[in-house]
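Residue-level listing of the chains:
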Amino acid sequence: MKRLIQLKSVLLIFVLLISTISPYSVEAATFTDVSTTDSRYVAINWAVENGYMDKKGARFMPNEAVTETELLKVLAVIDGNYVFSQTDEDMRYNYYGSIYIPLKGTLNKSARKQSITREEFARIYAATQSYDLTNYHAVQYLYANEISIGDYTSKTYAAYQPTKVLTRGDLAVFLYRGVAKAKGNFLVHGLASSATGKDDVKVTLP
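Residues numbered from 1 in each chain as written. Predicted model: local features only at pLDDT ≥ 70, side-chain atom pairs only at ≥ 80, totals over all residues. Heavy atoms only, no water.

Caption draft 1: Focus on the packing of aromatic side chains. In the structure shown here, the tally under the stated rule is 16 aromatic pairs. Judged by centre distance (4.9 Å) and plane angle (80 degrees), the ring pair of Tyr95 and Tyr96 falls under edge-to-face. For the residue pair Tyr95 and Tyr96, the accessibility class agrees, reading buried in each case. Of the aromatic side chains, those joined through ring pairs into one cluster are Phe121, Tyr125, Tyr143, Tyr160, Phe174 and Phe186. Positioned over the ring face of Tyr160 is Arg118, at 4.4 Å from the centre of the ring. The ring of Tyr131 is capped by Lys202, whose NZ or CZ atom sits 5.9 Å from the centre of that ring. (Phe/Tyr/Trp six-rings, centres within 6.5 Å; stacked < 30°, edge-to-face > 60°. Buried < 20%, exposed > 50% of the residue type's maximum accessible area, 1.4 Å probe, protein only. Lys NZ or Arg CZ within 6 Å of the ring centre and 35° of its normal.)

Quick look at the structure:
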């Protein structure tokens with residue numbers, strides 16, 4: 001009888017342990033258009049599993065261009081300082097415009113649906129960390145902080161492919177590196193005034 005009670009106790013403890021652990025176990029997402037061998041897979045899976053970016057059915061569409069408003073939506077979800085509506089586009093623009101993130105759509109709503117380039121992303125990302133930089137310096141800032149790694153042979157402005165549109169795959173990778181660097185506590189700080197490149201002197205070009 002005593003042994004039976006002990007066995008029941010062990011089983012109860014085991015069940016409690018399982019119920020405690022299981023909510024934290026995350027199953028990798030399956031995509032029909034992103035292979036697990038794709039260099040972007042880990043970042044894309046992280047973005048989807050954490051609710052930062054969404055799938056479209058079973059597809060992630062990694063090569064689809066990102067619009068400015070889509071970028072801002074993702075930033076608002078990741079940003080620990082943003083405590084306002086996650087569904088109100090105007091609220092997001094009002095907030096990030098008030099801290100001078102260099103966005104075209106703050107004053108021009110038609111620009112919100114336009115694709116942004118990789119160099120525009122570099123300036124926006126730098127501004128989230130309180131760096132007011134022009135294009136060349138913003139790209140170098142991404143290199144210096146390991147947000148971008150260039151083309152594996154050089155870390156030049158051209159190697160960053162600045163004039164290409166930012167894709168969903170690009171965004172997942174860049175933000176994965178940024179949030180990892182922040183150890184999960186990513187905060188958008190913004191600027192004290194309109195972006196004009198005032199901090200270029202803080203970033204050394206190669």
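Caption draft 2: Structural context of the packing of helix α5 (residues 118–128) against helix α7 (residues 168–181). Running from N to C, α5 and α7 point in directions that differ by 25 degrees, and their axes come no closer than 12 Å. Relative to α7, the element α5 is oriented roughly parallel. Crossing geometry of α5 relative to α7 is assigned as right-handed. Facing α5, whose interface residues are Arg118, Phe121 and Tyr125, α7 presents Asp170, Leu171, Phe174, Leu175 and Gly178. Along the lines of polarity and charge, the residues of the contact of α5 with α7 split into five nonpolar, one polar and two charged. (Axes fitted to C-alpha atoms, helices over the stretch in contact; angles between N-to-C directions. Helix = DSSP H or I, 4+ residues; strand = E, 2+ residues; numbered from the N terminus. Parallel < 35°, antiparallel > 145°, perpendicular 65-115°, else oblique. Left-handed = near helix turned anticlockwise from the far one by under 90°. Contact = heavy atoms within 4.5 Å. Nonpolar A, V, L, I, M, F, W, Y, C, P; charged D, E, K, R; others polar.)

Caption draft 3: Here's a closer look at helix α2 (residues 41–49). With seven of nine residues buried, α2 is to be regarded as a mostly interior element. Tyr41, Ala43, Ile44, Asn45, Trp46, Ala47 and Val48 are the residues of α2 that are buried. On the buried face of α2, the contacting elements are α3 (68–78) and α7. Taken from the residues just after α2, Gly51 is the one with a positive phi, measuring 75 degrees.

So far we have only geometry, and geometry alone does not tell us how the molecule works.
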